[in-house]
Amino acid sequence: QVQLVESGGGLVQAGGSLRLSCAASGNIFSINAMGWYRQAPGKQRELVARITSGNTTTYADSVKGRFTISRDNARNTVYLQMNSLKPEDTAVYYCNARRAITAVTSYNYWGQGTQVTVSS
């Protein structure tokens, strides 16, 4: 099992910044990627950013150049630095950890979510 605890959400004005943190514990050696997803009211959950164990990063087009994902292996923590925030970034942000089972299947762990609200 893997436990994920998020922090750092809140209310910010458009153009501002926030940093989200996700601390992982448990059987973290089985994890090959961690990332952040978000879900706005009435919309599907979507990938925001992901970082693999090899430090390969992936970003949604909507956040490229504004958000940065990073990891601190010593603290088992993943961060999402969000700059130039827009009202459309408002959502509940979920930390995700992925454990590969086979070459094509994986198991996902989720945090409880943290609210990010960007006012215009």
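Criteria and cut-off values
Residues numbered from 1 in each chain as written. Predicted model: local features only at pLDDT ≥ 70, side-chain atom pairs only at ≥ 80, totals over all residues. Heavy atoms only, no water. Buried < 20%, exposed > 50% of the residue type's maximum accessible area, 1.4 Å probe, protein only. Helix = DSSP H or I, 4+ residues; strand = E, 2+ residues; numbered from the N terminus. Pairing = 2+ DSSP bridges. Disulfide = S-S within 2.5 Å.

Caption draft 1: Highlighting the pairing of strand β4 (residues 31–39). In terms of residue burial, β4 counts as a mostly covered element, since seven of its nine residues are buried. Sheet topology note: the β4/strand β9 (residues 91–100) ladder contains eight bridges and is antiparallel. Pairing of Tyr37 across the sheet is with Tyr94, part of β9. As defined by bridge partners, β4 adjoins strand β5 (residues 46–52) across six bridges and the pair is classed as antiparallel. By the bridge assignment, Tyr37 is partnered in β5 with Leu47. Taken together, β4 and the strand that follows it, β5, pair antiparallel across an intervening segment of six residues, in which Gly42 is found at a positive phi of about 80°.

Caption draft 2: How the structure looks around the state of the cysteines. Within the structure shown, the criterion is met by one disulfide. Each sulfur of the disulfide joining Cys22 and Cys95 lies 2.0 Å from the other. Given an S-S torsion of about -85°, the disulfide between Cys22 and Cys95 has left-handed geometry. Residue Cys22 is found in strand β3 (residues 18–26), and its partner Cys95 is found in strand β9; the two are separated by 73 residues along the sequence.

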